[in-house]
Amino acid sequence: MTEPSGVGPGVAGPGVAVFDLDGTLCRGDSFAGFLRRSMLDGRLRAVLSLAAAVVLVPLFLLPAGRRRAVRGFVLLATAGRSAAQLARAAAEFAAEHVAKGRIEPVLDRLREHRERGDRVVVATGCAEPLASAMCRELGLEDVELLAAALAPGRFAHRPVRGCLGVQKVARLSELGIAVPISHAYTDSAADLPLLRAAEQRFLVEPRPRTVTRVRAALGPGFTVLG
């Protein structure tokens, strides 16, 4: 089913609208792109990254190894970089990425939610330095943001807290947001826990297999945008 405009009938009074970031407000996987660029920045880092990829890529394809693979890629991309250097690199990447990938119809919906008084949250698995830079480029610097967290270590940054799948619902609870929320927008079946927690569910430019997975889990109770 499709719905070309408007935020739908909603619920009585102000609600809570939660938006994914990558693939929902902006096309593409921003964090993966940022890691790739960072790992190839400099000859030594590139050589080490390409050598490590032989081990890390197969791990990434296995559910049990995904966390270790992500940690490895993050360590390679951030080694030797301070928090300030990481933030500058994230800002540069975000400016280029957003310029090419803004999904304006969904950004318009986010603005509509804000105008009608809904509480709007962007919840993303993207790491916080990049997610914040992306939101600034999208004009959403004053929107609540839930993102994966990185912590500086002695030689590199490391992932310390995720924001994927069921983690998003838990992080919303920490903000005092109870389920059900009124609206959820995502492009990914990984957000099924978030979609289950929403009264109105929206898939943004989804792949056919995503639609199939969501329909199998939730039935027809969602709207496809784009």
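Residues numbered from 1 in each chain as written. Predicted model: local features only at pLDDT ≥ 70, side-chain atom pairs only at ≥ 80, totals over all residues. Heavy atoms only, no water.

To continue, consider the packing of helix α1 (residues 30-39) against helix α3 (residues 66-78). The N-to-C vectors of α1 and α3 enclose an angle of 50°; their axes lie 8 Å apart at closest approach. Taken together, the axes of α1 and α3 lie oblique to each other. Both α1 and α3 take part in a crossing whose hand is left-handed. Packed against α1, whose contacting residues are F31, L35, S38 and M39, the element α3 presents F73, V74, L76 and A77 at the interface. Its residues assigned to classes, the contact of α1 with α3 comprises seven nonpolar, one polar and no charged. (Axes fitted to C-alpha atoms, helices over the stretch in contact; angles between N-to-C directions. Helix = DSSP H or I, 4+ residues; strand = E, 2+ residues; numbered from the N terminus. Parallel < 35°, antiparallel > 145°, perpendicular 65-115°, else oblique. Left-handed = near helix turned anticlockwise from the far one by under 90°. Contact = heavy atoms within 4.5 Å. Nonpolar A, V, L, I, M, F, W, Y, C, P; charged D, E, K, R; others polar.)

Here we take up the side chain of S30. Looking at the secondary structure, you find S30 in helix α1. Not counting residues within four places of it along the chain, the set of residues in contact with S30 comprises D22, F93, H97, C126, L130 and M134.

For the chain, the average pLDDT comes to 90, and 94% of its residues sit at 70 or higher. Counted against residues more than four places away or in other chains, residues 1-5, with its pLDDT under 50, gives 13 contacts. (pLDDT = per-residue confidence, 0-100.)

For the structure on display, the rule yields three aromatic pairs. Here the aromatic rings of F19 and Y185 are separated by 4.2 Å at their centres, their planes lie at 0°, and the arrangement is stacked. One end of the pair, F19, is in strand β1 (residues 16-19); the other, Y185, is in strand β5 (residues 181-186), and 166 residues separate them in sequence. On the accessibility criterion, Y185 (0% relative accessible area) is buried. Three or more aromatic residues joined by ring pairs make a cluster, and in this case those are F19, Y185 and F202. (Phe/Tyr/Trp six-rings, centres within 6.5 Å; stacked < 30°, edge-to-face > 60°. Buried < 20%, exposed > 50% of the residue type's maximum accessible area, 1.4 Å probe, protein only.)

What follows is about the pattern of salt bridges. All told, the structure shown has 12 salt bridges when counted by the stated rule. Residues R116 and D118 are paired through a salt bridge, measuring 2.7 Å at the closest nitrogen-oxygen approach. Overall, R116 belongs to the partly exposed group, its relative accessible area being 33%. Here R119 and E144 are joined by a salt bridge, their closest N and O atoms 2.7 Å apart. Separated by 25 residues along the polypeptide, R119 in strand β2 (residues 119-127) and E144 in strand β3 (residues 144-152) bring together distant segments of the chain. You can call R119 partly exposed: its relative accessible area is 31%. The class of E144 is partly exposed, set by a relative accessible area of 27%. (Salt bridge = Lys/Arg side-chain N within 4 Å of Asp/Glu carboxyl O.)

A few words now on the nonpolar core. Side chains of a nonpolar character, in soluble globular proteins, are inclined to be buried together. One finds F19, L25, F31, L110, L130 and L140 to be the most contacted residues of the largest nonpolar core, which totals 40 residues. Of all elements in the fold, only β1, α1, α3, α4 (83-101), α5 (104-115), β2, α6 (128-137) and β6 (198-204) reach the threshold of two or more residues within this core. Dropping the residues within four chain positions of it, L140 is found in contact with L25, L107, L110, R114 and C135. (Core = buried A, V, L, I, M, F, W, Y, C linked by side-chain atoms within 4.5 Å.)

Between the first and last C-alpha of α4 there are 26 Å, a value that for 19 residues agrees with the 27 Å anticipated at 1.5 Å per step. Within α4 the residues assigned to the buried category are L86, A90, F93, A94, H97, V98 and G101. (Expected span 1.5 Å × (residues − 1).)

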